[in-house]
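# Geometric and topological summary
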Amino acid sequence: MLSRLAESSFWLGRYLERAEGMSRLLIEFHQLLIQDNRTHVKRGSALISHGLGLEGEPKTARELVELAYGEPLNPGTLLGSIYSARSNARLIRDILPSDFYQAMNHVSAATDEFSLAAPGRSLRVILDRLAVVNGIFEWLAPEDESAHFLTLGRSLERMDLMSRLLSLKLENEWRDQGPATTLRSVGALNTYLRERVPLTSNGVRKFLVESDTFPRSIAECAKRADTELREVATMTQLRVDDILRPIGMLESQIKYLNDDPDELERIISQTTSAVAQTTDGIGLRFFRPVGSIVWSN
Amino acid sequence: MAWRLSVTHSTSFQYESEVSASFNEARMTPINTPDQFVISHDLKINPFASIFSYNDYFGTAVKAFDVQTPHTYLEIVSQSLVETSTPVLGNVNASWDDLSRDELADDLREYLDYTALVNPIEVPFELRLQKTPLDAIHFLNKAMREQITYAPGSTSVYSPASEAWEKRAGVCQDFTHASLSILRSVGIPARYVSGYLYNGSGQIGEEVVGESHSWVEAWVGDWLPFDPTNGNPVAEDHVLVARGRDYHDVSPLKGIFSGGRSRKIEVKVSLTRIA
Amino acid sequence: MAHFQALDEFLVEGQPRELVATLWQELTKITPPDWISKAKQRDLYLAMQGITFTLSGVERPLPVDLVPRIIDVAEWKHLEAGIKQRIKALELFLDDVYGKQQLFADRVVPKSLIVTSEHFHRSAHGIKPANGVRIHVSGIDIVRDQHGVLRVLEDNLRSPSGVSYVLENRRTMAHVVPELFNDYSIRSVDEYPERLLAALVAAAPERKSHPNVVVLTPGVHNSAHFEHAFLARRMGVELVEGRDLYCKNNQVFMRTTKGSEQVDVIYRRIDDDFLDPIHFKPDSVLGIPGIINAARANNVTIANGVGNGVADDKALYPYVPKLIEYYLNETPIIPNVDTYDLQLPDALDFVLSNLSELVVKPVAGSGGYGITIGPRASKDELKEVAKEISKNPRNWIAQPLIALSTCPTVVEDGTIASRHIDFRPFAVNDGNEVWVLPGGLTRVALVAGNVVVNSSQGGGSKDTWVLAASESEPQSYPEITADELEDPLDSEIIPATAGPDVLPITRMQQQEEQQQQIGAIHA
C-alpha cells in the first residue's frame, strides 16, 4: 500500500492507544491524588507528569490533569493524541470502515465539553467513545496492511505506556494504594486478583511485565507487535528481522526472567527504547517519509 | 569566412545546507541554423546525472536532468564546438505596409505582444518616421547605447525592460528587452536570442573570457539579427543557442530545488577560436 | 425585448408527451407530503453513503431531484453520434496544435487565438501520447433551445467532473422511488468505471502487460475528492497525491510499503498549472517535478493530456464546427449555440450595440461566474461590461439568449414545477472508439427562472434515463433493498428460483437455542 497511508495507519494506532491509555491513567491518578493528604500531592504530581514525559511543574491534582490533558498540538498529551488520531484518520478515511471516522469525530466532540474541575466523568465519556472506535475497527476492518500497521502501532504504544507506568513506582509514594492503582490504570485489577496472587508491589510489576493472560502486559504486547510486523513482512516481501531485534531481545529476557528485581527494572527501562528503535526501523523500511517539500527556483 | 569556435560554459552552485533534490533544464546547446553548424556538444554534470534531451517549442535544444542524492555542490559544464559564419540575409526589405498585413500580425503574434519582461516603455524617438523598417533597425541599433549605459549590477535577472529604461543602465538582457519593446510597439515582430559572444582578438588557440550574451532578431521581410548592446553586426563571433519571446523562454538554466540555504552561483564562460 | 418560451421536456401545453406518459402517471400519484418525505429519505441515503460535494468548505449532499429526465432511443443516437464526431475532431485539433500546426498554414483558426490562450502550454509541444489520445475523458455540455434543437453549449476536455454523481444518482433513485422505474427499459450506467479503466490501460506506454494505473488527486480538501476516491475504488486502482509519486530517470514511481513501484498511467484530476513545478507553478506542492518530461519520453501517460485547455477555450468554441469540417470533412451533427467572435470588428460593433439582448461570457473562468445576461442586467451593469469587452475583446464571447428547456422538478414545497436544465454526457476515448456513457448529468437550476445550472452555484441534478433500444443492451434495474425484502426470520425456507436440489435455508443460530439444547441434554 502507499507509504503515506501506511504511516498514517501506524500513527493512528499509536495515538488511539495513547488516548485510551492516558485517559485511564488520568482517571486513576486523579482519584489517587484527590484522596491523598497534602504531603504526597505535590511530589506525586511532579512524579507523574515527569513519568508521562510532560514539561511542567504541577503541584495539585487539577494542575496535573490540566497538564496531561494538554493541547491539540502537543501529541504527548491527551488532547493532542486525540487530535492527532483524528487527523490521521481523516487522511486514511477512504480505507477505514465507513463508520470509523464518524466515531472518531464523536470522540473529538467529547473534548469540547471537558471539565477540568471534575475530570473523572469527562474522561469516562472519552473512554466510552474510544471503545466504540475500537469496536468498529475490530468488527469491520479487513485484515489488510493498514490494519496490521494500526495494530502494530497500538501494540508498541501499549508497551511504551506500560513501561512509563511501571517506572513511576507509585508504591514508593503511596504504599497502600500504589499497586492497586497501577493495576486499575491499565484495567488489570480483576484479572490480577483472579490469579490469586498477593497484591504486592513486586507481584504487580512482574505480572504487568510477563503475564501471558493479560493482553496489555509487556510480554503480550511484544508478542502481538512481533506477529503484526511479520504479517506486514509477508505482505510486502521485505525483511523485518533486523527491525524485530530489540523486541525479540526483550521477549527472550522476559521469558527467562528470574526473581532478580534488578533484572525486572532493566526490562522495564529497556522497553521504551525498544519501542523507539522499532518505530524508527519501521519508518525507514516502510514509510520512508519525505516530509513536505518546498521548491525554490 | 567560417570560424570554428570552442565554447565552455560552466555554472556552479554552492549551498550552505544540503539540497535533497534538484530538477533542471539547461538551454546551453547551440543549434544548427543555415549560418551555424554544431560539430559537437557535451554536457557534464557533477554529481552525476543522466540527461534527457529534447527540442522545445521554440526549437531550442534542451537537456533536462535531476540530482536526487543530497548534495551541497552542483556543477554543470557545457562544452560545444561550432562552426559559425556571418549570417546570410534574406529579403529584408519589407515596407511598413507589408508589416501591417493582418496575416503577418497573426502568424508572428508571439513576437508582437508585450510580456512581463518586455513591457511598454516610453520611447523618445519615433521609429515609424524611418523610411523602411530596415532603416528603423539600423537607427535603433545605434540609438540604444545612447539610451542605456552598459552597467553590470544595476538590474537583476527579473528586471523588466522598463526598469533598465528608467535607470538608463543595464546589461545585454536589458538592452535586448528594451529593443524588443520598442520594435513591438511599432509593429515590427522581434524575438530574443541567447548565445555567446567571442570578445577576443581572433587569434587561433587563445582562450578568451566570454559571457552569455543576448541580441535581437527582427522580422523585416525575413529575420534580421542585430546586437543593440554592442552596436556591431552579428557575425562569426556570435554563437546562437536559443530564441524566444523574452529571457524566460531561453534562460540557460532553470529549475527547482529543495533545501539548500544560501545559494552561491558562479558562472564562467570561455571561448577559443580553433580555426 | 424578445421573449422566449422555453420548451418543456415532459409537457406540451400541460399534457405529458407520449415518451413520459407512464412516468407522468406515476409522478402525479405522489402527493406533496409524500415527495417531501421521499426527499428526506433521499437526503438520509446520500448522507449515509457519504456522497457529498464541498461548497465553500462545507460538505453537503448533492441534491438529486427525484424526477428523472428521459431521453429516447432516437435522440440518444443523435447525441452519441454528435459527441463522437466532436471529440474526434478535437483530438485531431490538439494533435495538430501541439505538432505540425498545419491548421494555421491553412488559416482554419487564427494562430493568435491559440498562442495567446493561457491554456496553450508550450511545454506540451511535441509530446506524442502512446496511443494518440489526449481527451481520455470529456464532458460535453448540451442544451435544448426554444426551437427544440439540441446544441453544444460548452466542451470540457481537461478534468470534467460529475460522473460519480451520475452513477450514484441512479442508485439513489432506485432506492427512493423504485416505482417510477416500472415500464421503462433504461440503459445501465454502471459500466463507466470499467470503460474508463480500459481506456487508461490502452493509453499506457508500450511496455507492460499490466500497466500500473493511478488516480492523482489534489487531496481530501478538494471539492471533487469524493469523485476521485469513488473512481479509484470502482476501477480498483490506487488513489495517490503528488507526494506519493516521484520521478527518477524520467520515469514515475509510487512510494509504497513494498518499495517503489513504477507508474504507467496517471489519471490526473489536477490542473495543468499545478502538475509539474518545473514547467508550471514552481510553488505547487500538489504536483510532481519531472512528470511532463517523463510523459514526453513516453515513460508515463498523463490522462487527460497536458494542454487540452486550448481546445475547450471559449474563444475557440465558435470555430469548432469549422474544425469538424476541416479535420473530418463532415458537417457538425450537433450545432453550436450561435456565437459572435468579438475579435471581428463587425461582430464586436453589433454585440456592443445589442448587449441588452445577448448573453456575454468571459472566456476565462468557469462555474458560471462573470456571465452577463443582457435582458436581465441593469443599465449600469451593461455599461460596465461594455467597457470590459472593448478593453479586451479576445476575452469575451457573445451569444443570443437561449431559453433552456425545462423539466418538471420537485420543488421545496413538494409540488412539481418546471425548472431549466442542461445536460452533460460523458465520453471516454480508448484510442479505437469514443464511447459515450448512456446517461449523464442533467443539471437543474433549482430556483425558478434561473438559467445558470452549475453545482458551484447551487444547482441540483437529475438522473438521466436513456432508453434501451432492445433487450440486448445492459439495463438498469432498481436494486431491492434489505428493508423491502420480507424479514427472512419469518419464513424458514426461502424457495430457490432454479435447480432441482434445493437445500432448505434455516434461520440463524440463536444463543437461546443452544442453551435449550444443552439444557435438554442435561435434563
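Residues numbered from 1 in each chain as written. Chains lettered and ligands numbered in written order. Predicted model: local features only at pLDDT ≥ 70, side-chain atom pairs only at ≥ 80, totals over all residues.

To continue, consider the overall build of chain C. Within chain C one finds 13 helices and 24 strands. When burial is assessed residue by residue, chain C has 45% of its 523 residues classed as buried. Considering only residue pairs separated by 6 or more positions, chain C has 70% of its internal contacts joining residues 24 or more positions apart. (Helix = DSSP H or I, 4+ residues; strand = E, 2+ residues; numbered from the N terminus. Buried ≥ 20, exposed ≤ 12 C-beta atoms within 10 Å, placed from the backbone. Contact = placed C-beta atoms within 7 Å.)

The helix and strand inventory of chain A stands at 14 helices and one strand. Scaling as 2.2 N^0.38, a compact globule of 297 residues should have a C-alpha radius of gyration of about 19 Å, and chain A matches this with 19 Å. Taken along the three principal axes of its C-alpha coordinates, chain A extends 60 × 45 × 45 Å. Counting only residues that meet the buried cut, chain A has 46% of its 297 residues in that class. Counted over contacts in chain A with a minimum sequence separation of 6, partners at least 24 positions apart contribute 63%. (Rg over C-alpha atoms; globule rule 2.2 N^0.38 Å.)

All names here are of chain C. Most of strand β24 (residues 460-466) is tucked away, with six of its seven residues classed as buried. Pairing of strand β5 (residues 64-71) with β24 involves five bridges; the strand directions are parallel. Paired with Ile71 across the two strands is Val466, which belongs to β24. Taken together, the three bridges between strand β23 (residues 441-444) and β24 define a ladder with antiparallel strand orientation. Paired with Arg443 across the bridge in β24 is Ser461. (Pairing = 2+ DSSP bridges.)

This paragraph deals with the sheet that holds strand β13 (residues 265-268) of chain C. Residue and element names in this part refer to chain C. With parallel pairing, four strands are arranged side by side in an open sheet as β9-β8-β13-β14. If you trace the sheet from one side to the other, it starts and ends with β9 (238-240) and β14 (301-303), each paired once. Within the sheet, the average angular offset between the axes of one strand and its neighbour, ignoring direction, is 30°. By the bridge criterion, four bridges tie strand β8 (residues 213-216) to β13 in an arrangement that is parallel. Paired with Leu216 across the strands is Arg268, a residue of β13. Sheet strands in contact with helix α7 (residues 192-202) are β8, β13 and β14, and its direction is about 110° off that of β8. Contacting β8 and β9, helix α8 (residues 225-235) crosses the sheet at an angle of about 150° to β9. (Axes fitted to C-alpha atoms, helices over the stretch in contact; angles between N-to-C directions.)

What follows deals with the nonpolar core. Soluble, globular proteins show a tendency: their nonpolar side chains are buried together. Membership of the largest hydrophobic core comes to 213 residues, with the highest contact counts inside it found for Leu200(C), Val252(C), Ile266(C) and Ile291(C). The element contributing the most residues to this core is helix α1 (residues 3-35) of chain A, with 15 residues. Look past the residues within four positions of Leu200(C) in its chain and what remains in contact with it is His136(C), Val213(C), Val265(C), Tyr267(C) and Ala303(C). If you look at the next biggest cluster of nonpolar residues, it comprises 60 residues, including Leu112(B), Ala136(B), Cys172(B) and Tyr192(B). (Core = buried A, V, L, I, M, F, W, Y, C linked by C-beta atoms within 7 Å.)

As a further point, take the confidence of the model for chain C. Residues and elements named next belong to chain C. Per-chain confidence: chain C averages 85 in pLDDT, with 84% of residues scoring 70 or above. Here residues 479-508 scores under 50 on pLDDT; set against residues more than four positions off or in separate chains, the count is 14 contacts. Overall, residues 518-523 carries pLDDT values under 50, and its contacts beyond four positions in sequence, including any with other chains, amount to zero contacts. Both scores are given for the predicted complex: the pTM is 0.87, the ipTM 0.94. (pLDDT = per-residue confidence, 0-100.)

Opposite the five residues of chain A that make contact, chain B presents four residues. Tallied by class, the residues present in the side of chain A that touches chain B amount to three nonpolar, two polar and no charged. (Nonpolar A, V, L, I, M, F, W, Y, C, P; charged D, E, K, R; others polar.)

Turning our eyes to something else, we now look at the interface of chain C and chain A. With 17 residues of chain C at the interface, the matching set in chain A holds 19 residues. Elements with a minimum of two residues in the side of chain C that touches chain A: β9 and β11 (251-256) of chain C. Looking at side-chain class alone, the side of chain C that touches chain A contains eight nonpolar, three polar and six charged residues.

A few words now on the sheet that holds strand β15 (residues 340-341) of chain C. Residues and elements named next belong to chain C. Spatially, the four strands line up as an open sheet ordered β15-β18-β16-β17, and their pairing is antiparallel. The sheet terminates laterally at β15 and β17 (372-373), the two strands that pair on one side only. Across two bridges, the pairing between strand β16 (residues 358-362) and β17 is antiparallel. Each bridged residue has a counterpart across the sheet, and for Val359 the counterpart in β17 is Ile373.

Turning next to helix α6 (residues 119-140) of chain A. Its 22 residues place the ends of α6(A) 32 Å apart at the C-alpha level, agreeing with the 32 Å of an ideal helix rising 1.5 Å per residue. On the buried face of α6(A), the contacting elements are α1, α3 (61-69) and α5 (98-112) of chain A. (Expected span 1.5 Å × (residues − 1).)

So, about the packing of helix α7 (residues 145-168) of chain A against helix α12 (residues 218-236) of chain A. Residue and element names in this part refer to chain A. Between α7 and α12, the least distance of the axes is 9 Å, while the angle of their chain directions is 155°. Taken together, the axis directions place α7 and α12 in an arrangement best described as roughly antiparallel. Note that α7 runs across α12; the crossing there is left-handed. Residues Glu145, His148, Phe149, Thr151, Leu152, Ser155, Leu156, Arg158, Met159, Met162 and Ser163 of α7 pack against Ile218, Cys221, Ala222, Arg224, Ala225, Glu228, Leu229, Glu231, Val232 and Met235 of α12. Each residue belonging to the contact of α7 with α12 can be placed in one class, and the counts come to twelve nonpolar, four polar and five charged. (Parallel < 35°, antiparallel > 145°, perpendicular 65-115°, else oblique. Left-handed = near helix turned anticlockwise from the far one by under 90°.)

Residues and elements named next belong to chain A. Along its 19 residues, α12 runs 27 Å from first to last C-alpha, staying within 8% of the 27 Å computed at 1.5 Å per residue. Taken together, the buried positions of α12 are Ile218, Ala219, Cys221, Ala222, Ala225, Glu228, Leu229 and Val232. Tucked into the core, α12 has its buried residues touching α7, α11 (201-210), α13 (241-255) and α14 (261-287). Remark: Gln237 follows α12 within two positions and exhibits a positive phi of approximately 60°.

Turning our attention to the packing of α11(A) against α14(A). All names here are of chain A. As a packed pair, α11 and α14 sit with axes 11 Å apart at the nearest point and diverge in direction by 45°. Considering the angle they form, α11 stands oblique to α14. Between α11 and α14 lies a crossing whose hand is left-handed. Every residue of α14 that contacts α11 at Asn202, Arg205, Lys206 and Val209 is listed here: Pro261, Leu264, Ile267 and Ile268. In terms of residue class, the contact of α11 with α14 is built from five nonpolar, one polar and two charged.

What follows concerns unusual backbone geometry. The omega torsion across Asn46(B) and Pro47(B) is 5°, close enough to zero to call that bond cis. Relative to the helices and strands, Pro47(B) resides in the loop between β2 (36-46) and β3 (51-55). Here the amide bond leading from Ala303(C) into Asn304(C) is cis, since omega sits at -10°, within 30 degrees of zero. In this fold, Asn304(C) is placed in the loop between β14 and α10 (320-328). Unlike most non-glycine residues, Gln237(A) shows phi in positive territory, near 60°. Positionally, Gln237(A) belongs in the loop between α12 and α13. If you check the backbone angles, Arg107(C) has positive phi at about 55° while not being a glycine. Position of Arg107(C) among the secondary structure elements: in the loop between α4 (102-105) and α5 (111-115). Classification of Arg107(C) by C-beta neighbours within 10 Å gives exposed; the count is 11.

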